[in-house]
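# Coordinates in review
Residue-level listing of the chains:
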Amino acid sequence: MTDHNLFSALRAAFPADLDATAIETADTAAPLFYTWRDIERSTAMLANLIDSLALPPASRIAVQTEKSVEALMLYLAVLRAGHVFLPLNTAYQAGEIEYFIGNAEPAMVVCAGKNFGWVSKIAFLAGTKHVFTLNDDRTGTLLDRAAFHGDTHTPAERGADDLAAVLYTSGTTGRSKGAMLTHGNLLSNAQVLHRAWGWRRPEEGGDVLIHALPIFHVHGLFVASHGALLAGAKMIWFARFDPRAVAARLPEATVFMGVPTLYVRLLGEPTLNRSACAHMRLFVSGSAPMLVETFDSWHQRTGHSILERYGMSETVMLTSNPYRPEGARRGGTVGPALPGVGVRVHDEQGRALPAGEIGGIEVRGPNVFKGYWRMPEKTKEEFTADGWFKTGDVGKIDADGYVTIVGRSKDLIITGGYNVYPAEIEGYVNELPGVAESAVVGVPHKDFGEAVVAVVVRKPGAVLDGAAVAAALKTQIANFKVPKQVFVVDELPRNAMGKVQKNLLRDQHKGLFGA
Ligand code: AMP
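Cut-offs and rules
Residues numbered from 1 in each chain as written. Predicted model: local features only at pLDDT ≥ 70, side-chain atom pairs only at ≥ 80, totals over all residues. Heavy atoms only, no water. Helix = DSSP H or I, 4+ residues; strand = E, 2+ residues; numbered from the N terminus. Buried < 20%, exposed > 50% of the residue type's maximum accessible area, 1.4 Å probe, protein only. Core = buried A, V, L, I, M, F, W, Y, C linked by side-chain atoms within 4.5 Å. Contact = heavy atoms within 4.5 Å. Salt bridge = Lys/Arg side-chain N within 4 Å of Asp/Glu carboxyl O. Domains from an automatic or database assignment. Buried area = accessible area lost by both parts, 1.4 Å probe. Near = heavy atom within 4 Å. Polar contact = N/O pair within 3.5 Å; in protein donor to acceptor, adjacent residues only side chain to side chain. Areas by Shrake-Rupley, 256 points an atom, 1.4 Å probe, with all protein chains shown as cover.

### Some points on unusual backbone geometry
- Put simply, arginine 324 and proline 325 share a cis peptide bond, and its omega is -10°.
- Residue position: proline 325 is located in the loop between β14 (316-320) and β15 (342-346).
- A positive phi is found at valine 316, a non-glycine position, where the angle reads about 50°.
- On the secondary structure map, valine 316 appears in strand β14.
- The class of valine 316 is buried, set by a relative accessible area of 3%.
- In this structure, arginine 374 is a non-glycine residue whose phi angle is positive, near 50°.
- For arginine 374, the location among the structural elements is in the loop between β17 (371-372) and α12 (376-381).
- For arginine 374, a relative accessible area of 48% translates into the label partly exposed.

### Quick look at the nonpolar core
- With 115 residues, the main nonpolar core has Tyr75, Phe222, Phe256 and Met257 as its most contacted residues.
- The dominant element in this core, judged by the number of residues it contributes, is helix α3 (residues 69-80), at 10 residues.
- When residues no more than four places from it in sequence are discounted, the contact partners of phenylalanine 256 are Leu209, Ile210, Ala212, Phe241, Val246, Leu262, Tyr263, Leu266, Met280, Leu282, Phe283 and Val284.
- Core analysis: the next-biggest nonpolar cluster, separate from the first, contains 21 residues, Val84, Ile101, Ile122 and Met180 among them.

### What about the pattern of salt bridges?
- Per the counting criterion, the structure on display carries 27 salt bridges.
- Here arginine 37 ties to aspartate 19 by a salt bridge, and the two come within 3.0 Å at their closest N and O atoms. Residue arginine 37 is found in helix α2 (residues 36-52), and its partner aspartate 19 is found in the loop between α1 (6-12) and β1 (21-25); the two are separated by 18 residues along the sequence.
- With a relative accessible area of 48%, aspartate 19 lands in the partly exposed category.
- Within the structure, one salt-bridge network assembled from shared partners comprises Glu24, Lys234, Arg249 and Glu252.

### Description of the environment of alanine 44
- Secondary-structure assignment places alanine 44 in helix α2.
- The exposure class assigned to alanine 44 is buried, which follows from its relative accessible area of 0%.
- C-alpha separation for the pair alanine 44 and lysine 370, spaced 326 residues apart in sequence, amounts to 28 Å.
- Sequence-distant contacts of alanine 44, that is, excluding residues within four places in its chain, are made with Arg80, Gly150, Asp151, Thr152 and His153.

### Some details on the domain arrangement of the protein chain
- The domain boundaries assigned to the protein chain delineate domain 1 (8-240), domain 2 (334-408) and domain 3 (413-509).
- With centres defined by C-alpha atoms, the gap from domain 1 to domain 2 works out at 29 Å.
- In this complex, domain 1 contributes 24 residues to the contact, which on the side of domain 2 involves 13 residues.
- Summing both partners gives a buried area of about 1,500 Å² for domain 1 against domain 2, and 62% of it is carried by carbon and sulfur.

### Comments concerning the site of the ligand
- Taken together, 18 residues lie around the ligand, and Glu308, Arg309, Ser313, Asp393 and Lys499 are the ones closest in.
- In the environment of the ligand, an oxygen atom lies 3.1 Å from a nitrogen or oxygen atom belonging to the side chain of arginine 408.
- Here the ligand loses 92% of its free accessible area of 500 Å² to cover by the protein chains.
- For the shell around the ligand, the elements supplying multiple residues, two or more each, are β13 (307-312) and β19 (403-408).
- Sorting elements by how many residues they give to the shell around the ligand places β13 first, with five residues.

### Describing the side chain of threonine 169
- Its place among the elements puts threonine 169 in the loop between β7 (163-168) and β8 (178-182).
- Once you skip the residues sitting within four places of it in the chain, threonine 169 turns out to touch Tyr92, Ser176, Lys177, Ser313, Glu314 and Tyr372.

Shown next, in the form of structure tokens:
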């Protein structure tokens, strides 16, 4: 068998100088320096520990720990040993962890020492045999045990179709589903992005990535980490995002990846300017829509156009604005399909829509996942008869192939029989003076089925009145699209990846119209 183990491919891309720094920590008491040789040795020790447990083939290894370099090593070691990595958001509480562990039946669980009591109880009850701890200060039983193992290890051979990871969808609506990603999905996507974004190996000038994203999610774990590892590029490693500290390290870096919220917070730093970014090559944004205003402000302040890309747990990356020329990056769009990825827009009857028309975004390619863990029926529902995955995102593709996302199909509001796309209304609301951002949702209405409701965040110092917002919209959009109620708030509820939790807003306002 040809080996398709993702770890082996990443390891083959390590630079010739194994004693060069691969990762430098930015927010530990003193900086820690990990060389490429350290990655090689510590992943070998952890993989040997995992091997010594003689787990069944393709065991899930569930991990809920704070972000640390050791947690990244654990991910790589799970791949190396040929098992399946299952990262869990650090914000998940007992009820959620119980669901994930019950659903995934991991053979091994790794958690923070402070959570061992309740996590191990859930895990042992669910039949998990091995529970280890890993803290963000390089302590815990996992590392204690790994220290007894040798530092050489032959990676397990894996096929391209073998599972590498199960990612539970971040679940802004409904119950989380485990997206099964293969070694082939992850490696092909990493290689496509390596070329598309012009990653530079040490002999080509050498990229330096500021890694400030969580590693329980596709953005930080796959896009950022694989990108740097495959380029043999150094990472400046932040366990937590701190805008001032990140801005201070920009002069040493060439690549930064963030969700839109991180860019907004960086713009709040007076030290963010052209000279701090003089050495930077690429700013990438994704995971949630970026406001055109943020895109424009960033360009004004730094001279750089943020490259926005679009992807999801089930598919890794799908589209990206062009790397070159930088002027071809269009704010408010997520760019054309990446090489090898098919993207199309269909209506609810499954008919192809012409350029510019809004419909459901469907995709296919070597990056598209194998299905939802133990949900064959759900998986079948989410694919078309001709094998395209229905993303659940609603959008359009223009004549140049640029994709614009308009919302989630579940967010679509149907009021009195008319379809309203929240993102369209949000676009108008955000243009009004004094508005920082907004979220538009549908809530039950006794006459119209659903009614449009807007929740608006005011700019600092601005005076905003909900009724005035609605009145201003009346002159611009069809009456059925005008929110029946506008609430002014200080901030929108967001999940860890910066996505607005519209389900919470819908819940909060569901009683408004007596339905
Ligand atoms: P997740 O699986 O948590 O990464 O969430 C994937 C979803 O995030 C996608 O289906 C989109 O709805 C949304 N998303 C990701 N990137 C973007 C983007 N650049 N603009 C708008 N929405 C995005």
